[in-house]
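One-letter residues, chain by chain:
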Amino acid sequence: MKLNIDSISGEKDSWESAGVKLPEYDIEKIRKNTEDAPEWIHFGAGNIFRGFIAGIADSLISEGKLQTGIVATDSFDGEIIDKIYYPYDLLTLSVGLRADGNSDKRVTAGIGAAIKADSEHMDELKKIAAAPSLKMISFTITEKGYACTDISGNILSFIETDIVNGPDNPGTALGIVTSLLYERYFSGKKPIALVSMDNCSQNGRKLRDGVLFMAKKWFKKGFVPEGFIDYVSDENKVSFPWSMIDKITPRPDEGIAGELEALGIEDMKPIITGRNTFIAPFVNAEIPQYLVIEDRFPNGRPPLEDAGVYMTDRDTVNKAEKMKVMTCLNPLHTALAVCGCLLGYTRISDEMKDEDLKKLVYQLGEEGMPVVVSPGIINPEDFIKEVLEERLPNSYIPDTPQRIATDTSQKVAIRFGETIKGYAAKGECDNMRIIPFVIAAWFRYLLGIDDNGNEMALSSDPMIDILKSAMEGITLGNTENDMSGISWIMNGEDLFGLKLSEAGNLEEKIKDFLGQMLKGSGAVRETLHNLVSQR
């Protein structure tokens, strides 16, 4: 069996004998409908899109509630389209991993077309962008995909290139989507919703800010008229709904590829692209999934609620996002990531068997809970219970602390900064114990030396050079380390969302924990154990 349309139609019995559910609708008809009247474009063709968002479309198509597929595009890594989309007829084999070792296997065909977002294919994308039928453009481009400036306020080089080149030759996701909006503006100022589905705070605002940043720079250079700025600014024409997304989707696992091939499904090996994207014909992910979206779509939308999406108002989305990102999942993930790397772990689930680390994340959740406001649609206590007792310990989810540690600088403002702000508003910053330890552990991680004193590779981060420069002069085993660079980092409001020196004795606590963890080999473990054993 091969993952293509001929195989799933001609060898249906073999696929079903292997326990794989197949699409029962006319895939070619859906693709023709997508070509004739596209409704949905998505930027970011990676695993979370294929395993979750495209699965939503597949479910709606299966139920006869959506007649078109998603047009997938990617501005960062077109190799994904060439090597994972086209050779497999745009199909995805989704593998849902249960804690009991069983899996739900399903071929999805919710992707109606795939187009690389580059200069060669801009005319195709512009044609789709101008279509009256287009309802939404969604995004999973990671939080750094919305950044226009660095920590010092300087315009990033690739954004500057798009500003100089104008709407005819953009290269970034922000530049390309702003160019597509310009095309839609000229085709009659048609309405559209731009929906960030990225795992970051107030993602709709970040997307709107980025698009308007680009549009205003183009206006100043004479590339676009002022009317275009008015169009993008009018949320009755161009809306930017906020959302909260949650589904742990690790890199594709070699072991799962082997299991699929043992069932007779050929050519399942993961690949690593030239842009260092880990991807495969299949997506392995956990079963639980949550998507909450602000219901603001000026040109209409698919019936997303019929596929389990919570459609609600902005305030509820914001509360749900804060619940998850501030307390109930993401801070726990970051704590396990940096500590797991330092302690030599390569699986998140294995960390949950470590009593010290298990206590750490339980206590971290408790520390954040006093500032959580329930969104109403999801109970915070039930959510974090599922995370701690079912999701993180699931040994069949091949997730790694090294993956989670990626881009930590882009995450700490919401994962910890917002909770710190909540404590500061109550004048209770001095009561925090776990958050200052986790921040200190991140700084200890940035030294690039594990708890055994061995060199350790750091996960990619757009601020890695700045962060490493702040660690200069700090060495393991030195009791007189100069922490002035650490102070500078902690007092950058862009990083944490506030100056930590103004949050009670938090800065001194972080430095004290870091000093303890720098005493020598084994000091991270000792500091961690002493902390979580105090109760």
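The shown structure was predicted, so the numbers you read here are calculated from the model rather than taken from an experiment.

A. Region of interest: the overall build of the chain. A tally of helices and strands in the chain yields 24 helices and 15 strands. Taking 2.2 N^0.38 as the reference for a compact globule, 535 residues should give roughly 24 Å; the C-alpha atoms of the chain span a radius of gyration of 23 Å, in line with that estimate. Along the longest, intermediate and shortest principal axes, the C-alpha atoms of the chain span 65 × 60 × 45 Å. For the chain, the proportion of contacts with a sequence separation of at least 24, taken over those separated by at least 6, is 75%. Of the roughly 20700 Å² of accessible surface on the chain, 45% is carried by carbon and sulfur atoms. Charge separation in the chain, taken as the distance between the mean sites of 58 positive and 82 negative side-chain charges, equals 3 Å.

B. Broad picture of the packing of helix H8 (residues 173-186) against helix H9 (residues 203-220). Running from N to C, H8 and H9 cross one another at 70°; their axes reach a closest spacing of 9 Å. Here H9 runs roughly perpendicular to H8, going by the angle between their axes. Contact residues: Leu174, Gly175, Val177, Thr178, Ser179 and Leu181 in H8; Leu207, Gly210, Val211, Met214, Ala215 and Trp218 in H9.

C. Seen up close, the packing of helix H6 (residues 122-129) against H8. Two elements in contact, H6 and H8, have axes separated by 8 Å at closest approach and are oriented at 50°. The orientation of H6 with respect to H8, classified from their angle, is oblique. Where H6 crosses over H8, the two elements pack in a sense that is right-handed. In this structure, H6 uses Met122, Leu125, Lys126 and Ala129 to contact H8, whose residues at the interface are Ile176, Ser179, Leu180, Glu183 and Arg184. Its residues placed into classes, the contact of H6 with H8 shows five nonpolar, one polar and three charged.

D. Highlighting the nonpolar core. Grouped together as the largest cluster of nonpolar side chains are 83 residues, with contacts concentrated most on Leu360, Ile420, Phe437, Trp442 and Phe443. It is helix H19 (residues 434-445) that provides the largest number of residues to this core, a total of ten residues. Listed in part, the 59 residues of the second largest apolar core include Ala72, Leu93, Met197 and Ile279.

E. Region of the structure containing the packing of aromatic side chains. A complete count under the given rule lists twelve aromatic pairs for this structure. Their ring planes at 15° and their centres at 5.4 Å tell us that Phe43 and Phe139 sit as a pair that is stacked. With Phe43 in strand E2 (residues 40-43) and Phe139 in strand E7 (residues 136-139), this residue pair connects regions lying 96 residues apart in the sequence. Phe139 shares its class with Phe43; the two are buried. When the ring of Tyr182 is compared with that of Phe186, the centres are 5.0 Å apart and the planes differ by 70°; the resulting orientation is edge-to-face. Of this pair, Tyr182 and Phe186 both sit in helix H8, separated by four residues, roughly a single helical turn. Here Arg251 stacks its cationic end above the ring of Phe278, 3.9 Å away from the centre of that ring. Of note, Arg275 hangs over the ring of Phe76, and the distance from its end group to the ring centre comes to 4.0 Å.

F. Expanded view of the sheet that holds strand E10 (residues 243-246). On the basis of which strands lie adjacent, the open sheet formed by three strands has the order E10-E14-E15 and mixed pairing. Each of the sheet's edge strands pairs with one partner strand only, and the pair in question is E10 and strand E15 (310-312). Averaged over all neighbouring strand pairs, the angle between strand axes comes to 15°, with direction disregarded. With three bridges connecting them, strand E14 (residues 290-294) and E15 associate as parallel partners. What sits directly across from Glu294, in E15, is Thr312. Sheet contacts for helix H12 (residues 314-328): E10, E14 and E15; angle to E10, the most-contacted strand, approximately 35°.

G. Main features of unusual backbone geometry. The phi dihedral of Asp267 is positive, around 60°, even though this residue is not glycine. Within the secondary structure, Asp267 sits in the loop between helix H11 (254-262) and strand E11 (271-272). The partly exposed category is assigned to Asp267, whose relative accessible area is 47%. Notably, Asp407 is not glycine yet its phi reads approximately 60°, a positive angle. Inspection of the secondary structure assignment puts Asp407 in the loop between helix H17 (401-404) and helix H18 (412-425). Residue classification places Asp407 among the buried residues on the basis of a relative accessible area of 9%.

H. Inspection of the pattern of salt bridges at higher detail. Going through the model one piece at a time under the given rule, you end up with 29 salt bridges. One salt bridge connects Arg347 with Asp253, and the closest N-O pair in it is separated by 3.4 Å. Note that Arg347 is positioned in the loop between helix H13 (330-342) and helix H14 (348-351) and Asp253 in the loop between E10 and H11, a separation of 94 residues in sequence. A salt bridge links Glu254 to Lys269, with the shortest nitrogen-to-oxygen separation between them at 4.0 Å. Taken together, the residues Glu254 in helix H11 and Lys269 in the loop between H11 and E11 connect sequence positions 15 residues apart. Overall, Glu254 belongs to the partly exposed group, its relative accessible area being 47%. For Lys269, a relative accessible area of 43% gives the class partly exposed.

Calculation rules
Residues numbered from 1 in each chain as written. Predicted model: local features only at pLDDT ≥ 70, side-chain atom pairs only at ≥ 80, totals over all residues. Heavy atoms only, no water. Helix = DSSP H or I, 4+ residues; strand = E, 2+ residues; numbered from the N terminus. Rg over C-alpha atoms; globule rule 2.2 N^0.38 Å. Contact = heavy atoms within 4.5 Å. Areas by Shrake-Rupley, 256 points an atom, 1.4 Å probe, with all protein chains shown as cover. Lys, Arg positive; Asp, Glu negative; His and termini not counted. Charge placed at Lys NZ, Arg CZ, Asp CG, Glu CD. Axes fitted to C-alpha atoms, helices over the stretch in contact; angles between N-to-C directions. Parallel < 35°, antiparallel > 145°, perpendicular 65-115°, else oblique. Left-handed = near helix turned anticlockwise from the far one by under 90°. Nonpolar A, V, L, I, M, F, W, Y, C, P; charged D, E, K, R; others polar. Core = buried A, V, L, I, M, F, W, Y, C linked by side-chain atoms within 4.5 Å. Buried < 20%, exposed > 50% of the residue type's maximum accessible area, 1.4 Å probe, protein only. Phe/Tyr/Trp six-rings, centres within 6.5 Å; stacked < 30°, edge-to-face > 60°. Lys NZ or Arg CZ within 6 Å of the ring centre and 35° of its normal. Pairing = 2+ DSSP bridges. Salt bridge = Lys/Arg side-chain N within 4 Å of Asp/Glu carboxyl O.

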